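The residues making up each chain are set out below.
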Amino acid sequence: MIRRAQSIVTDEVISMRRYLLATCLVVSMAMSAAAVSLCDYQSPLTDLSALDLGFYYRYYRDPFGFEDQHINQGTFLIDYLRLFDAPEYGFDIAFQNELRVNILDADDSTYTLRADGNYKRYVQFETDSFAFAGAQVRSASGSQGIALSLSLGVGTGRFTDVTPMAKAVRIEEVLAQRGALQNEEDKQPRELHPVDLQEVAAAIRNAATYETQAELLARIQTILESSGVVRLGGLDAQDMFEVTRVLQSGGMTRYCGWDLKAGLGYELLSPSDEENDLLVMGAFNFALASTPREQILFTGLFSGAVDVINRHQLDINASYDYVIFDFLSARAAYAFIRETWGGNPNHTHRIAVDLLMQPADIASVILSLVMQSEEHYTLGWSIDLKLSIEMSVL
């Protein structure tokens, strides 16, 4: 009986030791991850671009034969973003277009178009203060025409492409999971020194300078095996295959930074019958990538006439992307639009949740839930649930 009790106590002590060891390891990794923040990485040049194309088709035939209830509609979506930032200057371009074509009644087709472009020149080399010039275009099928305005102003802030560091940290995670980074004495996982991570990120950033991908992989392998934390015998072929997969992953674009702009604009074209007017404009952008798996974005744009209370527009957007597994990622987005014409405001709320599954490198399955509410135009929230399959041909 005593031996049995001693055995139980011994098992509890061993279990507690394992728990404490695991807890210490998790805390240590968390502290190390905090020490190597992605947003602390500095890149001399940021050049990001994204182009998303989408198409949805919906067909519905009313069982009671009411033709006005029939739906035969196709929706085309285009979303383009370009962000460039150098020590002396930078520019950004954003374009969004949604076209809904009603096959049964072409006159009932609708569209919305939004385009923004800004060029900024920094006051001094590698400083955050800048002057900018920009243009904004807005149009929709329900408006009387196109809204076009030009703006001039000043601002502060920068954006940095941290994708190379995100991939370097991801390579560290993958190799640690495979047991390639470990202490030979106790076989416990080890982490790369921040200097080694910086060297791996620099090699990834300068990938275009290598003649072949094999040369880039050889350089990364040399850095890793010279770090002193790789297991005895070095990296094997499967380890380098996993490194190659991380390098070729296209869904890991990450950037950090912020900027704040304020200025004056002039409305060249107005969708209403009102005269063109001087505009007061302001904008903010914020991006955060605390880990390679997530990306947070906030954007805001305000523009209004001198009589800002009776005529203005406010756009606020927020989004969060997270990679759950290598083949599964999720995205949540919220948009708020306030448009005031003649003192009458209209509010639009839009919530979108996307679940993207990628069972193969060239194929994706996307499940989307979109909810939207427009004050003065709808009684409640519209709900769209879409399932689409996409394939990358090129």
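The coordinates are above.
Residues numbered from 1 in each chain as written. Predicted model: local features only at pLDDT ≥ 70, side-chain atom pairs only at ≥ 80, totals over all residues. Heavy atoms only, no water.

## Things to note about the pairing of strand 11 (residues 328-341)
- When strand 10 (residues 312-325) meets strand 11, the two strands line up antiparallel, connected through 13 bridges. For aspartate 321, the partnering residue across the bridge sits in strand 11 and is arginine 331.
- Between the antiparallel neighbours strand 10 and strand 11 lie 2 residues. (Pairing = 2+ DSSP bridges. Helix = DSSP H or I, 4+ residues; strand = E, 2+ residues; numbered from the N terminus.)

## Description of helix 5 (residues 237-248)
- Over its 12 residues, helix 5 extends 16 Å from the first C-alpha to the last, a length consistent with the 16 Å expected when each residue adds 1.5 Å.
- Within helix 5, burial applies to Asp239, Met240, Glu242, Val243, Thr244, Val246 and Leu247.
- Two or three places before glutamine 238, at the opening of helix 5, aspartate 236 has a side-chain oxygen 3.2 Å from that residue's backbone nitrogen. (Expected span 1.5 Å × (residues − 1). Buried < 20%, exposed > 50% of the residue type's maximum accessible area, 1.4 Å probe, protein only. Polar contact = N/O pair within 3.5 Å; in protein donor to acceptor, adjacent residues only side chain to side chain.)

## A few points about the nonpolar core
- By size, the foremost hydrophobic cluster in this structure holds 33 residues, and its most contacted members are Ile171, Ile220 and Leu224.
- Elements that contribute at least two residues to this core include exactly helix 2 (163-177), helix 3 (194-205), helix 4 (213-225) and helix 5.
- In terms of residues, this core owes the most to one element, helix 2, which gives 7 residues.
- In this structure isoleucine 220 touches Val200, Ala203, Ile204, Val243 and Leu247, once residues within four positions along its chain are discounted.
- One finds Leu48, Leu83, Phe159 and Ala287 within the second-largest nonpolar core, a separate group that totals 5 residues. (Core = buried A, V, L, I, M, F, W, Y, C linked by side-chain atoms within 4.5 Å. Contact = heavy atoms within 4.5 Å.)

## Re the packing of aromatic side chains
- Taken as a whole, this structure holds 8 aromatic pairs when the rule is applied.
- A ring pair is formed by phenylalanine 84 and phenylalanine 91, whose centres lie 5.2 Å apart and whose planes are at 15°; its orientation type is stacked.
- Judged by its relative accessible area of 11%, phenylalanine 84 falls in the buried class.
- Considering the side-chain rings of phenylalanine 286 and phenylalanine 298, the 6.2 Å spacing of their centres and the 40° angle between planes classify their relative orientation as tilted. (Phe/Tyr/Trp six-rings, centres within 6.5 Å; stacked < 30°, edge-to-face > 60°.)

## Comments concerning the environment of threonine 110
- Mapped onto the fold, threonine 110 is located in strand 4 (residues 110-122).
- For the pair threonine 110 and arginine 100, spaced 10 residues apart in sequence, the C-alpha separation works out to 5.2 Å.
- Setting aside chain neighbours within four positions, we find threonine 110 in contact with Glu98, Leu99, Arg100 and Ser141.

## Topic: the pairing of strand 4
- Examined bridge by bridge, strand 3 (residues 89-102) and strand 4 share 12 bridges and lie antiparallel to one another. Looking across to strand 4, one finds that isoleucine 93 is bridged to glycine 117.
- Note: strand 4 against strand 5 (residues 129-140), 11 bridges, orientation antiparallel. Opposite arginine 114, over in strand 5, you have arginine 138 as the bridge partner.

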